[in-house]
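Chain residues, written in single-letter form:
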Protein chains: 2
Amino acid sequence: MKATRNTTAKTAVLEVFEKSKTALSHTEIQKQLNDVCDRVTIYRILDRLVNDDIIHKISNLDGTVKYAKCNHSHQRVHIHNHAHFSCENCHEITCLESVKPSYIMPHNYKVNEINFTLSGLCPKCLNSNI
Amino acid sequence: MKATRNTTAKTAVLEVFEKSKTALSHTEIQKQLNDVCDRVTIYRILDRLVNDDIIHKISNLDGTVKYAKCNHSHQRVHIHNHAHFSCENCHEITCLESVKPSYIMPHNYKVNEINFTLSGLCPKCLNSNI
DNA sequence: AAAATTAACGCAACAATGTTGCAATTGATT
DNA sequence: AATCAATTGCAACATTGTTGCGTTAATTTT
Ligand SMILES: [Mn+2]
Ligand SMILES: [Mn+2]
Ligand SMILES: [Zn+2]
Ligand SMILES: [Zn+2]
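Cut-offs used in this document
Residues numbered from 1 in each chain as written. Chains lettered and ligands numbered in written order. Predicted model: local features only at pLDDT ≥ 70, side-chain atom pairs only at ≥ 80, totals over all residues. Heavy atoms only, no water. Near = heavy atom within 4 Å. Helix = DSSP H or I, 4+ residues; strand = E, 2+ residues; numbered from the N terminus. Nonpolar A, V, L, I, M, F, W, Y, C, P; charged D, E, K, R; others polar. Pairing = 2+ DSSP bridges. Polar contact = N/O pair within 3.5 Å; in protein donor to acceptor, adjacent residues only side chain to side chain. Donors = N, O, S within 2.8 Å, 3.2 Å for Na, K, Ca; no water. Tetrahedral: all angles 85-135°; square planar, octahedral: opposite > 155°, others 65-115°. Buried < 20%, exposed > 50% of the residue type's maximum accessible area, 1.4 Å probe, protein only.

A closer look at the protein's contact with DNA strand C
Inference 1: As a matter of local geometry, DNA strand C sits amid 22 residues, with A:Arg5, B:Arg5, B:Thr41, B:Arg44 and B:Arg48 nearest to it.
Inference 2: Residue assignment for the surface near DNA strand C shows that the elements contributing at least two residues are α2 (26–33) and α3 (39–51) of chain A together with α3 (39–51) of chain B.
Inference 3: Top contributing element to the surface near DNA strand C by residue count: α3(B), with five residues.
Inference 4: Considering only residue class, the surface near DNA strand C consists of nine nonpolar, six polar and seven charged.

Here's what the structure looks like:
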């Protein structure tokens, strides 16, 4: 394992995650950063953070890709075998850290990772929509 | 509901799905079609087929988007609340129609759709990899 | 069978997202 | 302070998906 450096850009990206309660796309992060760094740099920082298990990547049904830093991330390893919720109305994506699916696999498969995303209406949008 | 027409391009796309045991990306379909139609047309056909519940869209963790026609599609409505498996080695994506996750949601969420993708090694790659 | 209707198409142009190579910069180490 | 490699900026490119519009062709109507 190589030494990952604490650069100003990386710190700025982490602060954005800290402030956000929902998952963020590359574009959303870029907007909040106000030209702290190039957009290529953001891609590279995200790659590094995913690799270091500090954030995780969430790929949505509509094709959008988002990243999130979970609450349990003070632990040594960032486990993300939990569900994510994608609101069809406000398009916010949140970690549902308590929701862990149970399932039975056929033989001869080796499962390394799971991605469980539910979509529908989040509590906020459910209330405001009658 | 509008009338969906049976064009030669749509028939050709459906034949490609019929022949394939795994999910296919837009690019993979285009290659098999040998200039039967424009690539934009393929996008529009896929949209229509998804809309008519004949195929379904699978969005993978690595960002790739694939489409599949399930075996149970002879039924009136194509239900796809089952799991999909994405092989990290051969990158094939298959429907696991028997795998249906059970889970408990917090209150105040309305779930309309689920996307459950497992990744790892498929039986084929598991055997050939010692 | 011919005419009418409009879904579907081709093409060109555009937009969004992500990747790569390379020289310059900068964080960490000695 | 000098060193070294991780990180960055920039430019260029690749891939994927979208849109507008005039034309084509599948289906319905006459
Ligand atoms: Mn997590
Ligand atoms: Mn299905
Ligand atoms: Zn919402
Ligand atoms: Zn495989």
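Things to note about the pairing of strand β3 (residues 65–68) of chain A
The two faces of the sheet receive side chains in turn, since in a regular strand these alternate between them.
Residue and element names in this part refer to chain A.
Inference 1: Across two bridges, strand β1 (residues 24–25) lies against β3 in antiparallel orientation. Bridging from a neighbouring strand, Leu24 pairs with Tyr67 of β3.
Inference 2: Here strand β2 (residues 56–59) pairs with β3 via four bridges, running antiparallel. Note that in β3 the partner of Ser59 across the bridge is Val65.
Inference 3: Between β2 and the antiparallel strand that follows it, β3, lie five residues; Gly63 among them carries a positive phi value of about 95°.

What to know about the protein's contact with DNA strand D
Inference 1: Neighbouring DNA strand D are 22 residues, the closest being A:Arg5, A:Thr7, A:Thr41, A:Arg44 and A:Arg48.
Inference 2: Counted by atom, the contact set of DNA strand D within 4 Å of the protein is 59% sugar and phosphate.
Inference 3: Between DNA strand D and the protein, one listed contact pairs a phosphate oxygen with a backbone N or O atom of A:Asp38 at 2.9 Å.
Inference 4: A distance of 2.8 Å is found between a base oxygen of DNA strand D and a side-chain nitrogen or oxygen belonging to A:Arg44.
Inference 5: Breaking the surface near DNA strand D down by element, the ones donating at least two residues are α3 of chain A together with α2 (26–33) and α3 of chain B.
Inference 6: Among the elements that make up the surface near DNA strand D, the one with the highest residue count is α3(A) (five residues).
Inference 7: When the residues that make up the surface near DNA strand D are grouped by side-chain class, the tally is nine nonpolar, six polar and seven charged.

Section: the coordination of the zinc ion (ligand 3)
Residue and element names in this part refer to chain A.
Inference 1: Protein coordination at the zinc ion (ligand 3): the donors are Cys87 (SG), Cys90 (SG), Cys122 (SG) and Cys125 (SG), at 2.2 to 2.4 Å from the metal.
Inference 2: Viewed at the metal, the four donor atoms of the zinc ion (ligand 3) are separated by angles of 103 to 120°, and the geometry they form is tetrahedral.
Inference 3: Summarised as a motif, the one-chain spacing of the donors to the zinc ion (ligand 3) is C-x2-C-x31-C-x2-C. Here Cys87, found in strand β4 (residues 83–87), pairs with Cys125, found in helix α4 (residues 123–128); they are 38 residues apart in sequence, far enough to count as distant. The burial state of Cys87 is the same as that of Cys125; both residues are buried.

Just distances and angles here, no functional claims.
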